[in-house]
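Here are the chains, one letter per residue:
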Amino acid sequence: VSFVSLDIERCDLESRINNTTHHTDQNGLDRLIVRRGLPFTITLHLRSGSQHNSNLCLSTGPLPKEQSGTKSTFSLTDSASKTAWSASTTSPPGNVVSLSVSSPPDVPIGLYSLTLDQGQKVKLGEFVLLFNPWCAKDAVYMEEERDRQEYVLSQAGLIYKGTTKRIKASPWTFGQFEPGMLDICLKLLDENPKYSSDADADCSGRRNPVYVTRVISAMINSNDDKGVLVGNWSGDYDDGVRPSHWTDSVAILHQWADNCCQRVRYGQCWVFAAVACTVSRALGIPCRVVTNFGSAHDTNSNLLIEFLYDEDGNDISDDSVWNFHVWVDNWMARPDLDAGYDGWQASDPTPQEKSEGVFCCGPVPLKAIKEGELNLKYDAPFVFAEVNADVVEYVKLTNGRMVKMGGSSMDVGHFISTKAVGSDERHDITHLYKHPEGSLQEREVYERAKHHNDLQQKGQEPGLKVKIKVSPDMDIGADFDVFAVIANNTEADKTCRVMFYARIVSYDGKPGANCGFIEDLTMEVPTGKGQRLPLRLEYVDYGDTIKSDRLIQLVLIVIESSPREFHKAKRTIVLENPDIAIKLLGEPRVNQKLSAQISLENPLPEPLQNCFFSVMGAGLTDGKILIQNVGTVGPKQEAKYTVEFTPTSIGSRTLTVDFDSDKLSNIKGYLNIEIKE
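- As recorded in an unreviewed UniProt entry, the chain goes by the name Protein-glutamine gamma-glutamyltransferase 2, listed as coming from Salmo trutta.
- Per UniProt, the comment on the chain under Sequence similarities (unreviewed entry) is "Belongs to the transglutaminase superfamily. Transglutaminase family."

Spelled out as structure tokens, the structure:
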């Protein structure tokens, strides 16, 4: 088939029209960024021409090959194809040829080169091809537009932390469309070890969101490679940034890329997950950040968390249960598995255990976790244990004998949370990870529990019962009481030895300094009665050692004298932060200066030194973090900052604020702003 040999004056990649059609316009309109499975148009402006064959060549990666799917050559006169690259042409009036280029929905993503071959090759330009959640044939297709708006296009979100009793939302700027982000995310793929060992196989693998998600999980942490973040749970962050100080992925990814892929110090689980979410959304894979409260870390893969204590209550075990742990869910089809496992897949970039020799985890279908299908790819046993492991507790006596102190199938996997679609509400997705209370599976667990005696009618189990109750107001800087409660649901009076203590703890369960203690108190508990023992926690005792997580672990150990039985209760509390007040001064309009008044009251009974506000917002602060030193703030005094910024795009935007000081840090606030024309 013949066609005019094209003497090209210039090529217009029509990035403004194409990017808008392909939902990539938030990346900007100055370069072509398109999604696979959807045609895009380019315009060739000609000087002259003669009859001759012309072919279009598309390639990605350093060693493109037809058989790898990283290179394709085809005639301009081909009609559009749904299974291979193709281009159809039209010739409007004048020396113009319009090409409609169609990509299959399963080709590799990445940076492509576009060349015209007429015997002599002419490079027309470059473009980026992304996954396409709008294309029904793409493996990442999402049916609902509101879901795509949230999980692909939203640049701001909420991450949940705290404890099951006190869940707190913290704002985060993903910023996947901020300047430079897409190129950095593509660079991250090129820095992975699989690319170094076999670049063409790696680029070919980028057709598959399962493969790409696994690469992202490995590259967000730096344990095996030139990955982005160093994990640090020690409390010593002097040679880097404290994990709780980060409020956005943009600063982290820029720091990594601008410093020749040097590891960024430091991250913890929510930072790893948030950066993974940014990279996933930037590449077109729908993603959400997920928090699991009471999250188990099973080190020996037996689906059992085995806690071992000495007689003084010291934890001497390897397994752990974190107060919370954060990972991501990615949305995709799983043609590599049997039918029924498409949809949300759990993936965890926090380095905990190795998978196929590398610190990464997932993706594994949520349905596989819920149904206990632990033979499915990838890392199903580990994720299952995180949300569903049983807990068994033992005391190791001084004579070496092991005494079972307790256990539960109910301690792990609660309030699994993510931000709701289109609102700032918390969406509980526990039911997607595990069966609900009262289901057949839960009943089977229940039937194996110990038998009830006559006290069952009162809703009480027989025996000595211990628990910890707390005050409603536990603000940072305040003094308050917590309570040990001992109930005697037996027919005999009980003499008990009681130990009740409080200690600082980090969110991953590692204990710190003690901040309250009642030791070896002997207490009489009459039959059918209860005793309530207060423990006073004072700021003077916890203030100097509490970490930025603001977590205090309460441990109650009760030993019956006859028969000699051990009982234990444990509870972690999170102290409430003061709120950051954010008030807009003026009408929010695009490209017009806007001010916001920010304030925070110091709740501590002592001054705060080196007080800083950090302010960031995609489309608001020009990709920068605005920092203001407000110096020293006395007790009950306010730290204040009036920030000025110029919104650069219309629509809903989120201004996030972080407050930092010597004694009070990790204080977050945010304000949603609707920018008008």
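Now, onward.
### A short note on helix α8 (residues 269-283)
Residue pairs spaced three or four apart in an α-helix point in one direction, given the helix's 3.6 residues per turn.
Here comes step 1: For α8, spanning 15 residues, the distance from its first C-alpha to its last is 21 Å, which sits close to the expected 21 Å at 1.5 Å a residue.
Here comes step 2: With respect to burial, α8 is a largely interior element, 15 of its 15 residues being buried.

### Brief notes about the sheet that holds strand β29 (residues 566-574)
Through backbone hydrogen bonds, the strands of a sheet pair up, either in parallel or in antiparallel fashion.
Here comes step 1: Strand order in the open sheet formed by 4 strands is β26-β25-β28-β29, with antiparallel pairing between adjacent strands. Each edge of the sheet is formed by a strand with only one pairing partner; in this case those strands are β26 (511-525) and β29. Averaged over all pairs of adjacent strands, the angle between strand axes in this sheet comes to 15 degrees, irrespective of strand direction.
Here comes step 2: Across 9 bridges, strand β28 (residues 551-560) lies against β29 in antiparallel orientation. Residue pairing in the sheet places L554 in a bridge with R571 of β29.

### A closer look at the packing of aromatic side chains
Here comes step 1: Applying the stated criterion across every chain, the model contains 20 aromatic pairs.
Here comes step 2: An angle of 55 degrees between the planes, with centres 5.2 Å apart, marks the rings of F40 and F127 as tilted. Of this pair, F40 sits in strand β3 (residues 40-52) while F127 sits in strand β9 (residues 121-130), and the two are 87 residues apart along the sequence.
Here comes step 3: According to the relative accessible area criterion, F40 is buried, its value standing at 1%.
Here comes step 4: Taking relative accessible area as the criterion, F127 reaches 1% and is therefore assigned buried.
Here comes step 5: Their ring planes at 50 degrees and their centres at 6.0 Å tell us that Y237 and Y266 sit as a pair that is tilted. Of the two residues, Y237 sits in the loop between β12 (229-231) and α7 (249-258) while Y266 sits in strand β13 (residues 264-267), which places them 29 residues apart along the sequence. In this structure, Y237 and Y266 share a single accessibility class: buried.
Here comes step 6: Taken together through their ring pairs, the aromatic side chains of W233, W270, F272, F293, W322, F324 and Y507 make up a single cluster.
Here comes step 7: One Lys or Arg, R214, reaches over the ring of Y378 and ends 4.1 Å from the middle of that ring.

What counts and how
- Residues numbered from 1 in each chain as written.
- Predicted model: local features only at pLDDT ≥ 70, side-chain atom pairs only at ≥ 80, totals over all residues.
- Heavy atoms only, no water.
- UniProt positions renumbered as here; feature names shortened; annotations may be inferred.
- Helix = DSSP H or I, 4+ residues; strand = E, 2+ residues; numbered from the N terminus.
- Expected span 1.5 Å × (residues − 1).
- Buried < 20%, exposed > 50% of the residue type's maximum accessible area, 1.4 Å probe, protein only.
- Pairing = 2+ DSSP bridges.
- Axes fitted to C-alpha atoms, helices over the stretch in contact; angles between N-to-C directions.
- Phe/Tyr/Trp six-rings, centres within 6.5 Å; stacked < 30°, edge-to-face > 60°.
- Lys NZ or Arg CZ within 6 Å of the ring centre and 35° of its normal.

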